[in-house]
Every structure is written in structure tokens, then in C-alpha cells.
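The lines below spell out each chain.
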2 protein chains.
Amino acid sequence: MSRMSSTSRPYHHGDLRAALLKSAERTLREKGVGALSLRELARDTGVSHAAPGRHFKDKQALIDALALDGYERLNRALGAAADQPGLTFEGRMTALARAYLGFAVENPELLELMFARKHDPDGSAQLAAAVDQSLGSLTRMMADAQERGEIVAGDPERITTVAAASLHGLAALIASCALDAEEAMNGLDEHVHLLLHGLKPR
Amino acid sequence: MSRMSSTSRPYHHGDLRAALLKSAERTLREKGVGALSLRELARDTGVSHAAPGRHFKDKQALIDALALDGYERLNRALGAAADQPGLTFEGRMTALARAYLGFAVENPELLELMFARKHDPDGSAQLAAAVDQSLGSLTRMMADAQERGEIVAGDPERITTVAAASLHGLAALIASCALDAEEAMNGLDEHVHLLLHGLKPR
DNA sequence: ACCTGAACACCGTTCAAGT
DNA sequence: ACCTGAACACCGTTCAAGT
């Protein structure tokens, strides 16, 4: 009678799972993976310390869920960049690179988490699919370009790997603070140009 | 009188610090960063749980020491590869790449740790120097090549970044199991060739 | 100087019990 | 179905005390 809200909901939450994920991403962003604690998450969400166990069997399960959410956002960004019409191949490649690096700059801790070699063999099927989708945007672009003769012939997977390594390397160096983010973004056009035209003089 | 060894040494160890590091690297390799525990390390080394505190002010300090040791080994490998005589530029680049990827394949967990964005601002001066030395091998190689006109003109730092991102991307993808290690090693010559000659047809 | 042993404030995970 | 509260076995870190 004295409570103001949620007359019909059981306990505190309609969607504790979502609330926990939201809170987790916040502390991930602000304090890093090391500061993630199920108990603190429960406290912040106003729930008992055992409640998260109902929604995530493990701490790793929560981390995997964060990673999966990250991939979904990244894949939307990559897809949108790759599908832009009216661009040259180099233009599309640059747009894709910009989308990826932008994500890395905005979500460095999350990116690290997405690429960590942890992965619960149970829940990792979804994660594997999400990773494939990320590479998919790039693979399609390379296959298209190859058909049009805009890039060299050869095993398309190998060629995709070269491009992927170049972009992921930049993203990883940014996320780990080995490279200044702003500087990398400013040099991005030239980076892509060098990737396509090579380091050797023509 | 009844002990067989170390008649003059205090307690159990002549070099507890080294013993802890050795044990730590072993569990890092076998069970991952998440399994590192100062208390377990102390138990494995036959010492009280507070003893590690004398040698590492923090768990992070031990991790930083592991990372520093990793950089020292990596830098020796990179230096040896970069200084090989009688090679073309592409040959030296390939040797450097092979050294780096070899390290990544042999020490995936350690590499992840070396590139984690943690770094105690206190002890990180040494770490920063070690990182610089790693990049140094590559930077010198690029500067040499540029002088001889073997690679394109332009800001040498930018060009070094392109090569570094390409190699580090491969290494990171291998370490995170996103790329099959053997496959990547087999394709390494072609990878370097594409890096130098570009993805566009000539 | 180097280590011990107890203490403190945290964890993740499990499980009977409540609503 | 969903959550609580207590319990268990661990942590990292600190600090007086021992040798």
C-alpha cells in the first residue's frame, strides 16, 4: 500500500536481465572488465546477490552476453557502412574502416572483451555466428571487388584476411592505447590507400 | 640440522621472486589469466600467502612483471629477425613477421596480457620503453627501406603504423583464436607480399 | 631483510526456503 | 517463475609479530 510503483510486478523488476546487462556495460565502460562483479551489479540494481544467477548461469555467461550485444551493434554499423551506394571500392573500404575504428574508439573495453579467448563452449555458438557476420561484410565486399577486377586475383579468404588483419590491428592498437585514437582516425584515408596500393612504390 | 639443503639461506627461497614469476607464467600458459591467484601461486611455491606481497606490491605488479618479461623475449626475437644479413627488404619483413607470429602462436595468453590496457602508471615506464623497443625494430627497417627508395615516400611513422597494424592484427586474431595459427603461418609470405604490393592489381 | 599467521572485506556459486 | 538469505570455499591486501 505504501509503495508508489509496480503494483502487479513481482519483486523489483520486470526485466532484471536487461537491467543487469545495462549496469554491467556501464561499469565495463567506466571501470574496466576487472571491476565487473556480480554482487556489485546486484547491489546497484537493488536485488539480492543471488538473483543474477537466475539470468546468467555464470559470470562468464554475463560477459558473453555483453560481447554478443557488442557484436550486434558492431555488425549493424559495419553493414550500414558496407552498403552505402555510389562509392568507389576504396570509398567503401574507407567507410567500413571508419565504422570499425569508430566502434573501437567508443567501446575499447567492450572490444577487448569481444576478442578475448574465453568463450564458454556452450553459449559460444551465437558468438561464433556474430563473429562470422562481422567478417561477412568484409568478405562480401572483397568478393564483389574481385569480380570487377578491382583487386588482385587469388584465394578470396586470404585476401580478406589481409584486410581484416590491417583493420583489426589498428582497432586493437587503439583499444590497448598503443596508438592515439585521434591520430589513427586522421590517418585512416591514407592507411586504406596504402593497404590497397601497397608500401612499395609503383 | 635435519634439513638437507640451504644451510645458510633464510626460509625456503633464495629467489622467491623468480620462482613466483616462473610459476605464474606456467599457470598463465596452462590455465589463462583468469586462473592467476597470488594465494595459489604462494601455495605452489611452498610459501605463505602473504609472502608474494614482499616482491609484488599488487597482483597487477606481478602481471606487469610477466608482461615485461614477455616484451624482453619478444624484442630479442624481433631484433634477431630484423638484423639478418643478406636479405631483400621483403625477405627481412617476412622474417620479422614470422618472428612476431611465432611468438603469438607460442604465447597467446602472454601476448594478450602484454597488450591489455591495464598498466599500473607506476611500473609502466619500463613497459612503455619495452613497447617502444618492439616498434623500434620495425621503424628502423622502414626508415632504411625508405632511404633506399624501396618503399613509398611519406611520413615514416604513418607507414610504420600500416605495417605494425597488419602484423599485430594477424597476431591478435591468432591469439584470440579468430584465425587458425597454422593457416596464418602458411599464408604469411603471401600476406607480406600483399602488404608490400597492395590489394589493387598492378 | 624476509617471511608468517591472523584478520578484514570482499568475491562466485549453490541451495533450501519463501512469495 | 522469480527472488531471498544463509552458507561455503575461495580471493587480495594489510600488519603485527617472529627469525
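Moving on, we get to the interface of chain A and chain B. In this assembly, 45 residues from chain A lie in contact with 43 residues from chain B. Across the interface of chain A and chain B, roughly 4100 Å² is buried in total on both sides, 63% from carbon and sulfur atoms. Considering only the side of chain A, the residues that lose the most area to chain B are Arg117, Leu199 and Lys200 of chain A, jointly responsible for 21% of the buried surface there. Here chain A and chain B share 2 salt bridges between them. Breaking the side of chain A that touches chain B down by element, the ones donating at least two residues are α5 (89–106), α6 (108–114), α8 (156–175) and α10 (188–197) of chain A. The leading source of residues in the side of chain A that touches chain B is α8 of chain A, at 14 residues. Considering only residue class, the side of chain A that touches chain B consists of 22 nonpolar, 11 polar and 12 charged.

Note on the copies: chain A fits chain B at an RMSD of 0.0 Å, the axial shift is 0.0 Å, and the rotation between them is 180°. In the structure described here, the two chain copies are related by an operation that fits a two-fold rotation axis. Looking at the interface residues of chain A, 96% of them are also at the interface in chain B, so both copies use one shared face.

A separate point is the domain arrangement of chain A. Residue and element names in this part refer to chain A. As assigned here, chain A comprises domain 1 (6–54) and domain 2 (59–197). Taking the mean C-alpha position of each, domain 1 and domain 2 sit 30 Å from one another. Contact with domain 1, which involves 11 residues of that partner, is made by 12 residues of domain 2. A buried area of about 1000 Å², summed over both sides, lies between domain 1 and domain 2, and 71% of it is on carbon and sulfur atoms. Between the two partners, domain 1 and domain 2, sit 1 salt bridge. Between Glu25 and Arg73 there is a salt bridge, with the nearest N and O atoms lying 3.0 Å from each other. Across the domain 1-domain 2 interface, the total number found is 4 residue pairs in polar contact (both at pLDDT 80 or more). At the level of elements, α1 (16–31) and α2 (38–45) are the ones that each hand at least two residues to the side of domain 1 that touches domain 2. Among the elements that take part in the side of domain 1 that touches domain 2, α1 stands out by supplying 6 residues, more than any other.

Residue Cys177 of chain A is not a glycine yet carries a positive backbone phi of 65°. For Cys177 of chain A, the location among the structural elements is in the loop between α8 and α9 (181–186).

It is worth spelling out the packing of helix α1 (residues 16–31) of chain B against helix α4 (residues 59–82) of chain B at this point. Residues and elements named next belong to chain B. In the contact formed by α1 and α4, the axes pass within 10 Å of each other and the chain directions differ by 80°. Between α1 and α4, the angle falls in the class roughly perpendicular. Residue-level inspection shows Arg17, Leu21, Ala24, Glu25 and Leu28 of α1 in contact with α4, the latter providing Leu62, Ala65, Leu66, Asp69 and Arg73. Among the residues making up the contact of α1 with α4, the classes are represented as 6 nonpolar, no polar and 4 charged.

Moving on: helix α7 (residues 124–147) of chain A. All names here are of chain A. Between the first and last C-alpha of α7 there are 34 Å, a value that for 24 residues agrees with the 34 Å anticipated at 1.5 Å per step. In α7, a bend of some 30° at Gly136 exceeds every other bend along the element. Within α7, burial applies to Ser124, Leu127, Ala130, Ser134, Gly136, Ser137, Leu138, Met141, Met142 and Ala145. Of the surrounding secondary structure, the elements contacted by the buried residues of α7 are α4 (59–82), α5 and α8. Positive backbone phi, approximately 75°, marks Gly149, located one or two places after α7.

Helix α8 (residues 156–175) of chain B packs onto α10 of chain A with a crossing angle of 65° between their chain directions and a minimal axis gap of 10 Å. Considering the relative orientation of α10 of chain A and α8 of chain B, their crossing is right-handed. For the pair α10 of chain A and α8 of chain B, contact is made by Glu190, His191 and Leu194 of chain A and by Arg158, Ile159, Thr161, Val162 and Ala165 of chain B, respectively. Taken together, the residues of the contact of α10 of chain A with α8 of chain B break down into 4 nonpolar, 2 polar and 2 charged.

About the criteria used
- Residues numbered from 1 in each chain as written.
- Chains lettered and ligands numbered in written order.
- Predicted model: local features only at pLDDT ≥ 70, side-chain atom pairs only at ≥ 80, totals over all residues.
- Heavy atoms only, no water.
- Contact = heavy atoms within 4.5 Å.
- Buried area = accessible area lost by both parts, 1.4 Å probe.
- Salt bridge = Lys/Arg side-chain N within 4 Å of Asp/Glu carboxyl O.
- Helix = DSSP H or I, 4+ residues; strand = E, 2+ residues; numbered from the N terminus.
- Nonpolar A, V, L, I, M, F, W, Y, C, P; charged D, E, K, R; others polar.
- Least-squares fit on C-alpha atoms with pLDDT ≥ 70 in both.
- Domains from an automatic or database assignment.
- Polar contact = N/O pair within 3.5 Å; in protein donor to acceptor, adjacent residues only side chain to side chain.
- Axes fitted to C-alpha atoms, helices over the stretch in contact; angles between N-to-C directions.
- Parallel < 35°, antiparallel > 145°, perpendicular 65-115°, else oblique.
- Expected span 1.5 Å × (residues − 1).
- Bend = angle between axes of the 7 residues up to and from the residue.
- Buried < 20%, exposed > 50% of the residue type's maximum accessible area, 1.4 Å probe, protein only.
- Left-handed = near helix turned anticlockwise from the far one by under 90°.

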